[in-house]
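# Summary of the model geometry
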Amino acid sequence: MEFLAYFGEVFTPINFGLLLIGTIGGLLLGATPGLSPTMAVALLIPFTFKLEPAQGLILLGAAYTSTVAGGAVSAILLKIPGAPANIATTLDGHTMAKKGQGARALQLSFLASAVGGVFGVLLLIFLTPVLAQWALAFGPSHLFWLAILGVTVIGTLDSSSVVKGLLSGCIGLWLATIGFDDIMGAQRFIFHDAVSGGINVIAALIGLFAIPQVIGMFANGRRPLGAEILTVESHPISKAFGEVFSRLRALSIGTATGSIIGLIPGVGGQIAGLVAYDQSKKMSPERDKFGTGHSEGVIAAESANNAMVGPSLVPLLTLSIPGSPTAAVLLGGLLIHGIFPGSDLFDNHPDVAWTFINSMLIGQVLMCIFGLYVAGLAARVAQVPNAVMAAVVLGLAVFGSYSVQHSMGDVYVMAALGTGMYFLERFGFSAAPLVLGLILGPIAEANFVQGSMIANATSSIGSYFFTGPLNLALIATVVASIGYSVWLELRHRRHTAKEEAVAKNEATS
Amino acid sequence: MTDLPRVQHVIASGLVAAVGVSVAYISYTREPAAAFLFPRIISTVFVVLALWTFGKALLGQTKIGNGLDLEAMINIAPGLAVSLIFVFWAAQTLGFYTASTIASFVLLSLYDPAPHRELKTWIKRILITAGFLVVMYGLFARLLSVFTPREIFF
C-alpha cells in the first residue's frame, strides 16, 4: 500500500493543474481523427523538459489516458474513430447517435472508460511492485533477451507482415547503433553531422509518429472531412450510471479483456476493443441487437480500451521494456529526466513512480467528468480541416524536435525519419517495431556487451546466453511469438486465397 | 497485383535491402571489431530479412502494402515540397517563426477545402496562421524559452 503515501502529491496545485491540462487537452486531441494517442504524447514531450520528472509524467500519462477515451467522441458523433482503439465503439455508438441518443452513448462511453481505466490502473498498482522485485533477479543475458523479445513481439504482433515487422525492428536496432560506441568510443555509421551524437530518441519519436500523419493528410488533398456532426440531446447522467452498472456482463468482459490484453506487449487497444465487443456479443442473450445501437457494445468496447492503458505500462515500469508504442514514448519521457524504469525506479524514485501511477488513477475520474462536458467541443475540434491539422502538427514537430537539444540536426533527423517512415508504411513496414528497436537497441547492446564480458571471464558466450531456465523461457517466448504470428499470417493468406477463388468462380459462372 | 504497386514494392524493398547490405558491409569491414560486434549481429538478420522481402517483391508475391496511387502522389507532392523546404532550408535561413508562418499559410492555401475565390476564406486562413504563430511563440519562446536560430520573430 506504498502508493497511498504519495497520494497527496497528485493534489499539489502544479501537479493537479498539469493533470487537468493533460486530461482536457488529451480529450480534445483524442477526438481529432488522424491524431493518434502515441503522436499526441510524443508531441507533448518537449513541454516536459522544464518540469520535474513526476510533473512531466503526470502530463504525459493524463494525455495518454484521455486521448484513448476522447477518441470515442468522434467515433460516436462523426463515425470516425479518433484512434484505432475506438473502432469497435463506432459500431454501436454512432448508430445510437443517429437515433438521437448521442448524449447517452457518450455518457456510457466515458463511464465505462472510467470503470475499465480505474481497474487497469489498480492492476498496475498491485502488479508493478511485485514484478519490479522479481526483475531484480534479471542479469545481463536476461535483459538482452527481454529487449529482443520487446522488439520481436511488437514486430510480429503489431505488423501486418511478420517479415516486414521484424525488418522494421532491425532498422530501429541499427539506427540505435549510430554515433559513438559507449565502450571503445569508435565512430559507427556517422554519415552526416546531424547524427554524429547518435539519433536523438525524442526527435525520432516525434518524426516517426507525427510526420507520416501529416503526409497522410496531404494525401487526402483538398477533400473535406465529409462527416456530419450529429446533434446531441440531453440525457440524465443518473440514468447512464444506472445503465452502465446494470450491464455488468459487458462491463466486466470489457474490463477483463482490456486488462489481460494490456499486459501482453504489442497487442494494442484496437484489438482490446474489438475482442471485448466480440466476446460481449457472443455471451449476450441480446446478441441480435449488437450493431443496431446497443449500449452493451459501447460499454464493452470502451471499458476494454481504457482498461488496457494501465496494464500496458507494467512491462515498462518493471522490466524497462515498453509494451506498446505509447509506452515507448513514455520511456523517452522518463529517460530525458535521467530516470530508468525497473526496480531502480521504485527503489530510488518512489515519489516519481507512485505520483505518476496515482495521477493516472485520478486522471481516469477526471477524464470521465470532463469528458462528459467537453464532448461537444471535442466533436467540433474533430471537424477541424486536415489542412489546419497538418500545418499545426508540422509546426509542433519542427519546434518540438529543435527544442530537445537546440539543434537543427535533430530537426533534420525528425523530418528524414518521418518522411521515410510514411513511404515505408505504404509498403507494409511499421513504425512501432522501429521505435521499439531504436529505444531497446542501447539496452540490448549494453547488456550484450556486459554479458559477453562476464561470459569470457566465466564460461562461453553460448552457455551464458543460451542456458538457464530464464534465458530459455525468454528465447522460447521470442520463438513462439514469431511462430504464432507466422501461423496467423499463413492462415489469413489461405483464407484470402480461398475467398478470391470463390469470387473468381462466381464471376466466371 | 497491378504493375504500379509491384514496381513500387521492388523499389522500396530494393532500397531497404541496399541499406541493409551497406550496414552489413560497414559492420564487417570497420575496426575495432569489438565496437561492431552488435551491429554485425543485427546487420546479418537485417540483410537476410531485407533480401527475402526484396526477392518476394521481385517475384510479385508481396501482399502487404498498397503503395501509392497517382492521385495520392499528386496530392502529396506540393505539401511535401513545402515541408521539406521549410525544414531543410527556410527554418534556419529565414528563421523559425517567419518560415513557419509562410509554410503554414501555403499549406493552408494548398489543402484547405474552402473555396479559393472567396475573400472571407483568405481572411480566415490569415487569421488561423496568425493565431497559430501567436500560440507557437507563447509556447516555445515564452513558456519553454527555446531560442531558435534567428531568435524571436525571425
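The shown structure was predicted, so the numbers you read here are calculated from the model rather than taken from an experiment.

So, how was this worked out
Residues numbered from 1 in each chain as written. Chains lettered and ligands numbered in written order. Predicted model: local features only at pLDDT ≥ 70, side-chain atom pairs only at ≥ 80, totals over all residues. Helix = DSSP H or I, 4+ residues; strand = E, 2+ residues; numbered from the N terminus. Rg over C-alpha atoms; globule rule 2.2 N^0.38 Å. Buried ≥ 20, exposed ≤ 12 C-beta atoms within 10 Å, placed from the backbone. Contact = placed C-beta atoms within 7 Å. Axes fitted to C-alpha atoms, helices over the stretch in contact; angles between N-to-C directions. Parallel < 35°, antiparallel > 145°, perpendicular 65-115°, else oblique. Left-handed = near helix turned anticlockwise from the far one by under 90°. Nonpolar A, V, L, I, M, F, W, Y, C, P; charged D, E, K, R; others polar. pLDDT = per-residue confidence, 0-100. Domains from an automatic or database assignment. Expected span 1.5 Å × (residues − 1). Bend = angle between axes of the 7 residues up to and from the residue.

Attention now moves to the overall build of chain B. Tallying secondary structure elements over chain B gives 5 helices and 0 strands in all. Listing the helices and strands of chain B from first to last along the sequence gives α-α-α-α-α. Compactness check: chain B gives a C-alpha radius of gyration of 23 Å against a globular reference of 15 Å for 154 residues, more than 25% above the reference. For chain B, the spread of C-alpha atoms along the principal axes amounts to about 55 × 45 × 20 Å. Among the 154 residues that make up chain B, the fraction classed as buried is 36%. Sequence-distant contacts in chain B: of pairs separated by 6 or more residues, those separated by 24 or more amount to 61%.

Moving on to the overall build of chain A. In terms of regular secondary structure, chain A is built from 20 helices and 2 strands. Expected size for 509 residues packed as a compact globule is a radius of gyration near 23 Å; at 23 Å, chain A falls within 12% of this value. Taking the principal axes of the C-alpha coordinates as reference, chain A spans close to 70 × 70 × 45 Å. Burial status across chain A gives 62% buried among its 509 residues. Partitioning the intrachain contacts of chain A with sequence separation of at least 6 by distance along the chain shows that 80% fall at a separation of at least 24.

Residue and element names in this part refer to chain A. Where helix α3 (residues 53-77) contacts helix α13 (residues 325-335), the two axes come as close as 10 Å, and the packing angle between them is 165 degrees. One finds that α3 runs roughly antiparallel with respect to α13. Every pair of crossing elements has a handedness; the one defined by α3 and α13 is right-handed. Contact residues: α3 offers Gly 56, Leu 57, Leu 60 and Tyr 64, while α13 offers Thr 326, Leu 330, Gly 333 and Leu 334. Residues belonging to the contact of α3 with α13 are distributed by class as follows: 5 nonpolar, 3 polar and no charged.

All names here are of chain B. The predicted model of chain B averages 86 in pLDDT, with 94% of residues at 70 or higher. For chain B, helix α5 (residues 119-143) is the element with the lowest average pLDDT, namely 87, and helix α2 (residues 37-58) is the one with the highest, namely 92. Interface scoring of the predicted complex returns ipTM 0.92; its pTM is 0.82.

A few words now on the interface of chain B and chain A. Counting residues at the interface gives 53 residues for chain B, matched by 53 residues for chain A. Mapped onto the side of chain B that touches chain A, the elements with two or more residues apiece are α1 (3-29), α2, α3 (70-93), α4 (96-111) and α5 of chain B. A per-element tally of the side of chain B that touches chain A places α3(B) first, with 11 residues. Counted by class, the side of chain B that touches chain A contains 38 nonpolar, 13 polar and 2 charged residues.

Turning to the domain arrangement of chain A, a few remarks are in order. Residue and element names in this part refer to chain A. Here chain A is partitioned into domain 1 (2-467) and domain 2 (469-509). Listed per partner, the contact involves 15 residues of domain 1 and 11 residues of domain 2. A per-element tally of the side of domain 1 that touches domain 2 places helix α5 (residues 140-157) first, with 10 residues. Residues belonging to the side of domain 1 that touches domain 2 are distributed by class as follows: 9 nonpolar, 6 polar and no charged.

It is worth spelling out helix α4 (residues 87-134) of chain A at this point. Residue and element names in this part refer to chain A. For α4, with 48 residues, the first-to-last C-alpha span of 36 Å runs short of the 70 Å given by 1.5 Å per residue. For α4, the principal kink sits at Gly 100 and spans about 135 degrees. The element α4 is largely enclosed, with a buried count of 35 among its 48 residues.

Any region with low pLDDT has predicted coordinates that should not be read closely. Put simply, chain A has an average pLDDT of 83, and 95% of its residues get 70 or more. For chain A, per-element mean pLDDT is lowest for helix α14 (residues 343-348) of chain A, which scores 78, and highest for helix α17 (residues 408-426) of chain A, which scores 92.

All right, on to helix α18 (residues 431-458) of chain A then. Here α18(A) contains 28 residues, and its C-alpha end-to-end distance of 39 Å stays within 8% of the 40 Å for a straight helix at 1.5 Å per residue. Taking the largest bend as the criterion, α18(A) deviates by roughly 45 degrees, centred on A:Leu440, and proline A:Pro442 comes between one and four positions later.

With their axes 7 Å apart at the nearest point, helix α7 (residues 201-219) of chain A and α3(B) run at an angle of 125 degrees to one another. The angle between α7(A) and α3(B) falls in the class oblique. The handedness of the crossing between α7(A) and α3(B) is right-handed. Of the residues in α3(B), those in contact with A:Ile215, A:Phe218 and A:Ala219 of α7(A) are B:Ala72, B:Asn75, B:Ile76, B:Gly79 and B:Leu80. Tallied by class, the residues present in the contact of α7(A) with α3(B) amount to 6 nonpolar, 2 polar and no charged.

Before going further, it helps to examine the environment of A:Gly441. Residues and elements named next belong to chain A. Along the chain, the position of Gly 441 falls in helix α18. Using a count of 26 C-beta atoms within 10 Å as the deciding quantity, one classes Gly 441 as buried. Residues Gly 441 and Gly 169, spaced 272 residues apart in sequence, show a C-alpha to C-alpha distance of 9.4 Å. Setting aside residues no more than four positions away along its own chain, Gly 441 makes contact with Gly 172, Leu 173, Ala 176 and Thr 177.

The omega torsion of the bond from B:Glu31 to B:Pro32 falls at 0 degrees, within 30 degrees of zero and hence cis. For B:Pro32, the location among the structural elements is in the loop between α1 and α2. Backbone geometry at A:Phe189 places phi at a positive 55 degrees, although glycine is not the residue there. If you check the backbone angles, A:His406 has positive phi at about 55 degrees while not being a glycine. When you line up the elements, A:His406 lands in the loop between α16 (386-405) and α17.

Looking at chain B, the domain boundaries give domain 1 (3-58) and domain 2 (70-143). Taken over C-alpha atoms, the centre of domain 1 of chain B sits 37 Å from the centre of domain 2 of chain B.

Attention now goes to the environment of A:Thr355. Residues and elements named next belong to chain A. For Thr 355, the location among the structural elements is in helix α15 (residues 350-381). Here Thr 355 falls in the buried class, since 25 other C-beta atoms lie within 10 Å of it. Each residue touching Thr 355, except ones within four places of it in the same chain, is listed here: Tyr 6, Glu 9, Val 10, Asn 15, Ala 54 and Ile 58.

On to the environment of A:Asp410. All names here are of chain A. Here Asp 410 shows up in helix α17. Placed 381 residues apart in sequence, Asp 410 and Leu 29 show a C-alpha to C-alpha distance of 25 Å. When sequence neighbours within four positions are dropped, the list of residues in contact with Asp 410 reads Asn 200, Ala 203, Ser 401, Tyr 402, Val 404 and Gln 405.

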